[in-house]
Amino acid sequence: MDNKFLWGSATAAYQCEGAWNEDGKGLSNWDVFCHSEKNNVNPVTGDVASDHYHRYEEDIKMMAEGGQNAYRFSIAWTRILPNGVGEVNQKGIDFYHRLIDTCLKHEIEPLVTLYHYDLPQKLFEKGGWENRETTDAFEEYAKVCFKEFGDRVKYWMTINEPNYDTLCSYAIGNYPPNVQSLSRRWHAMYHLMLASAKAVNTYRKLGLNGEIGLVSDSYSIEALEDTPAYNQAKKNADLFFNRSVNDVCVYGHYPEQFIQKLVSDGVDTSYMFEEDKKIFQTGTIDFLGINAYDRILVKPYTSGETILTNNNTGTGDGPKAVIKDWFEFDDDPTTEKNPWGMEIYPKSIYDLLLELKALYPTTPVIITENGIGNYDKFINGEIKDPYRIDYLKGFIENMLEAKTKGCDVRGYLVWSTMDLYSWINGYEKRYGLVYVDFDNENQRTPKESYYWYRDFIRNYEE
Ligand code: BG6
């Protein structure tokens, strides 16, 4: 891996590109979901989003002017293979060639995610990630991307957040296919991990000059009490959120305790084939992409059925979880939260990085997302977001502190480059360093945090 520390920001295709039916793009599950009545919390779509498809040059130029040297974006599978497999769409390929070349022209390192939640609808209709065939389709799609872009892309990421994606899609039920079943969740998640390992194996066979990783939403798991029951809840939550992803892609196998837990829960694991073990073993990653937003605070499970909820409205409480026989979420009433109930706790990244170092000492980390959603206000031509500056500053300081303790962190990317579609939270939950006026031809205006980040990068010395 290159020595230059990556300072940049990140986006994902469905959240910013728009152009949902242009230039031969196929339909994704998110296109269909957003146009359906199931999308009823904030019923808006990503049809136009931040119009990045047409304005990427302006966005990348702004990143460069903001001192950033890295841009993480995702490829929309449906632009490359409109049906998920088979026919290749040249216009989609051309778009990403232009995007990558524009990054390089501005000396911005492109970091490319192959899958960030948007699945071709054709595959979704055949069972999506619960169907093993989707893992082969992903491998086919990944191969097309590696061959087309692998000469210039040096950082690849297979899957964004196998944990959070499947939690929303199959446990909370707020993302398509809107299911609430943990056993179905484990099934889909297994296939995501298998698809990732298959893509890594394909990448290796092509002998390209670059690195490949996976993006994991990982958490420092903490408890307010230090008792055997609380400590057990922490261990369970660590398996549930972190190690069921990270052990698999770093070490190439599932943690034994995790499999035992599924078996004792009565989860059907017949889809885990013996032959897959080799695929996992050989499909291990070069670096771990970490999306770090907050910690997870747990207490022992007491009673009741499994239930998970999220706050997608910006009013009321934060996320809640009771995971039967595993743990429950706890709450620290003394810590600050954003309007969606996300705890603001910058030390969590320090604790997490040290934990990752202890578990995976030889695996480099890139912070692939960190940021905070809020209701930013455009007043007199300016956007003052001191809360975002405080948040980023706190996380960056803690990350750099972990680096001085020997954590091998190679980069840090703010979520997000500009305002974009925040999934079912809609457009009012803004994360961008750059404001997008969605009601006024998507005009861009850098926020106060953009300038703060630019100056921070300028003054940073390794
Ligand atoms: C991460 C995702 O989980 O968090 C992003 O990779 C997402 O796609 C970000 O937008 C913030 O979450 P949300 O739900 O507030 O948009």
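Here the structure is a predicted model, which is why all the values come from computation and not from measurement. (Residues numbered from 1 in each chain as written. Predicted model: local features only at pLDDT ≥ 70, side-chain atom pairs only at ≥ 80, totals over all residues. Heavy atoms only, no water.)

*Asks:* Talk me through the overall build of the protein; I want residue IDs and the actual numbers.
*Replies:* When you go through the protein residue by residue, the secondary structure sums to 15 helices and 17 strands. If one aligns the C-alpha atoms of the protein with their principal axes, the spans along those axes are about 55 × 50 × 50 Å. In the protein, 77% of the contacts between residues at least 6 apart in sequence involve partners at least 24 apart. Per element, the accessible surface of the protein, about 17,600 Å² overall, is 48% carbon and sulfur. Treating the 48 positive side-chain charges of the protein as one cloud and the 71 negative ones as another, the clouds have centres 2 Å apart. (Helix = DSSP H or I, 4+ residues; strand = E, 2+ residues; numbered from the N terminus. Contact = heavy atoms within 4.5 Å. Areas by Shrake-Rupley, 256 points an atom, 1.4 Å probe, with all protein chains shown as cover. Lys, Arg positive; Asp, Glu negative; His and termini not counted. Charge placed at Lys NZ, Arg CZ, Asp CG, Glu CD.)

*Asks:* Let's hear about the side chain of Lys 447: which residues, and what values?
*Replies:* Position of Lys 447 among the secondary structure elements: in the loop between strand E17 (443-446) and helix H15 (448-459). Judged by relative accessible area, which is 0%, Lys 447 ranks as buried. Polar contacts involving the side chain of Lys 447 include one to the side chain of Asp 419, which spans 2.7 Å. If we skip the residues at most four places from it in the chain, Lys 447 touches Asp 376, Ile 383, Asp 385, Arg 388, Asp 419, Arg 430, Tyr 431, Gly 432, Leu 433, Val 434 and Tyr 435. (Buried < 20%, exposed > 50% of the residue type's maximum accessible area, 1.4 Å probe, protein only. Polar contact = N/O pair within 3.5 Å; in protein donor to acceptor, adjacent residues only side chain to side chain.)

*Asks:* I'd like to hear about the site of the ligand, residue by residue, with values.
*Replies:* In the region of the ligand, 15 residues are neighbours, and Gln 15, Glu 161, Ser 422, Lys 429 and Tyr 431 sit closest. Within the side chain of Trp 415, a nitrogen or oxygen atom sits 3.4 Å from an oxygen atom of the ligand. For the ligand, an oxygen atom lies 2.5 Å from a polar atom in the side chain of Tyr 431. Within the complex, the protein chains bury 93% of what would otherwise be the 380 Å² of accessible surface of the ligand. In the shell around the ligand, the residues fall into 6 nonpolar, 6 polar and 3 charged. (Near = heavy atom within 4 Å. Nonpolar A, V, L, I, M, F, W, Y, C, P; charged D, E, K, R; others polar.)

*Asks:* Give me the sheet that holds strand E4 (residues 155-160): which residues, what numbers.
*Replies:* Remark on secondary structure: sheet strands pair via backbone hydrogen bonds, oriented parallel or antiparallel. Ordered in space as E1-E2-E3-E4-E5-E7-E12-E15, the 8 strands form a closed barrel in which the pairing is parallel. Neighbour to neighbour, the strand axes of the sheet diverge by 25 degrees on average, direction disregarded. Bridging between strand E3 (residues 109-115) and E4 involves 4 bridges; their strand directions are parallel. Bridged to Thr 113 within E4 is Met 157. Sheet strands touched by helix H10 (residues 228-251): strand E5 (211-217) and strand E7 (287-291). Its angle to E5, the strand with the most contacts, is close to 170 degrees. In this fold H15 packs onto strand E1 (6-10) and strand E15 (409-415), with an angle of close to 160 degrees to the strand it touches most, E1. (Pairing = 2+ DSSP bridges. Axes fitted to C-alpha atoms, helices over the stretch in contact; angles between N-to-C directions.)

*Asks:* An account of helix H7 (residues 133-149) is requested, with residue identities and associated values reported.
*Replies:* Look at H7: 24 Å from first C-alpha to last across 17 residues, which is about the 24 Å you get at 1.5 Å a residue. Where H7 is concerned, the buried positions are Thr 134, Thr 135, Ala 137, Phe 138, Tyr 141, Ala 142, Val 144, Cys 145, Phe 146 and Phe 149. (Expected span 1.5 Å × (residues − 1).)

*Asks:* Any details on helix H11 (residues 256-264)? Residues and values, ideally.
*Replies:* The set of residues buried in H11 consists of Phe 258, Lys 261 and Leu 262. For H11, the arc enclosing every buried residue in end-on projection is 100 degrees, short of the 170-degree limit, so these residues lie on one face. Among the exposed residues of H11, those oriented more than 90 degrees off its buried face are Glu 256, Val 263 and Ser 264. Close packing links the buried residues of H11 with helix H9 (182-206) and H10. At the C-terminal side of H11, Gly 266 shows a positive phi close to 80 degrees. (Arc of directions from axis to C-beta.)

*Asks:* Give me the environment of Glu 65: which residues, what numbers.
*Replies:* Residue position: Glu 65 is located in helix H3 (residues 52-65). Taking the C-alpha atoms as reference points, Glu 65 and Arg 184, separated by 119 residues in sequence, lie 45 Å from one another. Not counting residues within four places of it along the chain, the set of residues in contact with Glu 65 comprises Tyr 450 and Arg 454.

*Asks:* Break down the packing of aromatic side chains for me, with residues and values.
*Replies:* The tally for this structure, following the rule as stated, stands at 58 aromatic pairs. Measuring from centroid to centroid gives 5.6 Å for Tyr 117 and Tyr 175, while their planes differ by 55 degrees, and the two rings are tilted. One end of the pair, Tyr 117, is in the loop between E3 and helix H6 (121-125); the other, Tyr 175, is in the loop between helix H8 (162-172) and H9, with 58 residues separating them in the sequence. As far as burial versus exposure is concerned, Tyr 117 and Tyr 175 are alike and both buried. (Phe/Tyr/Trp six-rings, centres within 6.5 Å; stacked < 30°, edge-to-face > 60°.)

*Asks:* Can you explain unusual backbone geometry? Please cite residues and give values.
*Replies:* With an omega dihedral of 15 degrees, the bond running from Pro 176 to Pro 177 counts as a cis peptide bond. In this structure, Pro 177 sits in the loop between H8 and H9. Here the phi dihedral of Ala 19 falls at roughly 45 degrees; this positive angle occurs in a residue that is not glycine. For Ala 19, the location among the structural elements is in the loop between helix H1 (13-16) and helix H2 (29-34). Phi at Tyr 117 takes a positive value of approximately 75 degrees, unusual for a residue other than glycine.

*Asks:* Which residues make up the pairing of strand E8 (residues 296-299), and what values go with them?
*Replies:* Bridge count for strand E6 (residues 221-222) against E8 is 2 bridges, and the pairing is parallel. Paired with Glu 222 across the bridge in E8 is Leu 297. Sheet analysis places E8 next to strand E11 (residues 327-329), joined by 2 bridges and oriented antiparallel. Pairing of Val 298 across the sheet is with Phe 329, part of E11.

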